[in-house]
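# Secondary and tertiary structure notes
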Amino acid sequence: MKPDQPVFLDTSIQVERILGAKQKQVEIEHHLATSGYQFVTSHYVFMEFQRSVISDHVHVHNQIRKYKDWEETANQLRSGTRTHRPRSLVRSMQIFTRTLVVSQMQREIALSLLKIQIERNLAKRFWRYVNPIPDLVHCDLVAKGSSRGVNGEFITADSCRKATAACNLPHFLAQQQPQLYTIANYLATCPQCIKGQMRVEHFLSAAINNPQDILGQTACWPLGDMIIALQVPTGARLWTLDADLAAFTSALGMTLYEPDYN
């Protein structure tokens, strides 16, 4: 692999940079800084990072702010809306625990630390050593980002309704019709090669027949791995920890990136 050949980071790598085991965070960050490769990603990947990692930081901040007692805060985090979203619940508890340790259980320091993460550090760390590719989707959520309400709580754009979505995803998918057929044919010959494959194939069919139907999180997000794979620049390798995304790269004839941390 040539040093000037781009390496595309997917969402799983960006999440690992922030919430992975400490040693893994260090390895990834050092590799990005010193390997000499050109690392890139997309604003759509940032959207997934925003509606997961940033949104979970916002959730923890708002719960700490709302409840004065640490035990009550923990109970609310474990029993609230995140219980229906297992991965978000795990991330939220991880963020909460890390904040407790770093702040030495001082509530105002904890809130200040989370505020800095939400307003600046998380996005800064996402783009450190990584360049954006041209944004062909223009996701509404990225434009809205995070903001602070008059009551001191943060609000993050982490949901998208079909009726109000105004991104360029339908146009992007319309330009990718040959690749969509390639993916559809691959999945037809490889049953159960990704999670929720029947649902993905349903929305993939919709994307082929009428891309406008893919607007909104109900259809867009299940196709997220496919949309990311379609954004990988020609000749680039994909760096991912996501087995489903690896399947889409196989369908499209792309190559995965295997870092050498030595």
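Residues numbered from 1 in each chain as written. Predicted model: local features only at pLDDT ≥ 70, side-chain atom pairs only at ≥ 80, totals over all residues. Heavy atoms only, no water.

Next up on the list: the packing of aromatic side chains. The final tally for this structure, using the stated rule, is ten aromatic pairs. Look at Tyr37 and Tyr257: their rings are 5.8 Å apart centre to centre, the planes differ by 80 degrees, and that puts the pair in the edge-to-face class. Of this pair, Tyr37 sits in the loop between α2 (22-34) and β2 (39-41) while Tyr257 sits in the segment after β7 (255-256), and the two are 220 residues apart along the sequence. Ring geometry for Trp239 and Tyr257: centres 5.4 Å apart, planes at 70 degrees, overall edge-to-face. Taken together, the residues Trp239 in strand β6 (residues 237-239) and Tyr257 in the segment after β7 connect sequence positions 18 residues apart. Accessibility expressed as a relative area gives 5% for Tyr257, which makes it buried. Taken together, the aromatic side chains of Tyr37, Phe39, Trp239 and Tyr257 make up a single cluster linked through ring pairs. Across the ring face of Trp221, the terminal group of Arg51 is positioned such that the distance to the ring centre comes to 3.8 Å. (Phe/Tyr/Trp six-rings, centres within 6.5 Å; stacked < 30°, edge-to-face > 60°. Helix = DSSP H or I, 4+ residues; strand = E, 2+ residues; numbered from the N terminus. Buried < 20%, exposed > 50% of the residue type's maximum accessible area, 1.4 Å probe, protein only. Lys NZ or Arg CZ within 6 Å of the ring centre and 35° of its normal.)

To continue, consider the packing of helix α5 (residues 86-103) against helix α6 (residues 107-127). The packing of two helices is summarised by the inter-axis angle and the distance between the axes. At a minimum axis separation of 9 Å, α5 and α6 run at an interaxial angle of 120 degrees. The angle between the axes of α5 and α6 places the two elements in the oblique class. Once α5 is placed against α6, the crossing between them reads as right-handed. Contact residues: Ile95, Thr99, Val102 and Ser103 in α5; Ile109, Ala110, Leu113 and Leu114 in α6. (Axes fitted to C-alpha atoms, helices over the stretch in contact; angles between N-to-C directions. Parallel < 35°, antiparallel > 145°, perpendicular 65-115°, else oblique. Left-handed = near helix turned anticlockwise from the far one by under 90°. Contact = heavy atoms within 4.5 Å.)

In this section: empty space enclosed by the protein. Taken as a whole and judged by the stated rule, the model has one cavity of 30 Å³ or more. Taken as a whole, the largest cavity spans an internal volume of roughly 100 Å³. As for the largest cavity, its lining consists of 15 residues, and the residues nearest its centre are Cys139, Cys160, Cys167, Gly216 and Cys220. Of all the elements in the fold, those that place two or more residues in the lining of the largest cavity are α3 (43-66) and α11 (217-220). For the lining of the largest cavity, the class distribution of residues is twelve nonpolar, two polar and one charged. (1 Å grid on protein atoms, 1.4 Å probe; cavity = no way out; pocket = protein on both sides within 12 Å on 5 of 7 lines; lining within 4 Å. Points joined across faces, edges and corners; volume = space filled by probe spheres on them. Nonpolar A, V, L, I, M, F, W, Y, C, P; charged D, E, K, R; others polar.)

On to the pattern of salt bridges, then. Counted by the stated rule, this structure contains nine salt bridges. The salt bridge partner of Asp56 is Arg91, with a shortest N-O separation of 2.5 Å. On the criterion of sequence distance, the pair formed by Asp56 in helix α3 and Arg91 in helix α5 is long-range, its members being 35 residues apart. Note on Arg91: relative accessible area 15%, which makes it buried. One salt bridge in this structure joins Glu119 and Lys115, with 2.8 Å as the shortest N-O distance. (Salt bridge = Lys/Arg side-chain N within 4 Å of Asp/Glu carboxyl O.)

Located in the positive-phi region is His138, a residue other than glycine, with phi close to 55 degrees. On the basis of relative accessibility, which here comes to 44%, the residue His138 falls in the partly exposed class. Although it is not a glycine, Gln192 sits at a positive phi angle of roughly 65 degrees. Looking at the secondary structure, you find Gln192 in the loop between α9 (177-188) and α10 (197-209).

Between α3 and α6, the least distance of the axes is 9 Å, while the angle of their chain directions is 175 degrees. The angle between α3 and α6 falls in the class roughly antiparallel. Grouping the constituent residues of the contact of α3 with α6 by class yields 15 nonpolar, four polar and four charged.

Turning our eyes to something else, we now look at the environment of Gly224. When you line up the elements, Gly224 lands in helix α12 (residues 224-231). Residues Gly224 and Leu238, spaced 14 residues apart in sequence, show a C-alpha to C-alpha distance of 15 Å.

All right, on to α12 then. The buried fraction of α12 is high, at eight of eight residues. Of the residues making up α12, those classed as buried are Gly224, Asp225, Met226, Ile227, Ile228, Ala229, Leu230 and Gln231.

Moving on: the layout of surface pockets. Of the voids in this model, the largest pocket is the one considered here, and its volume is about 1,200 Å³. Counting only elements with at least two residues in the lining of the largest pocket, the list comes to α1 (11-19), α3, α5, α10, α11, α12 and α13 (243-251).

Time to look at α10. The end-to-end C-alpha separation of α10 is 18 Å, in line with the 18 Å expected for 13 residues at 1.5 Å each. Among the residues making up α10, those that are buried are Gln197, Val200, Phe203, Leu204, Ala206, Ala207 and Ile208. Next to the buried residues of α10 lie α8 (169-174), α9, α11, α12 and α13. (Expected span 1.5 Å × (residues − 1).)

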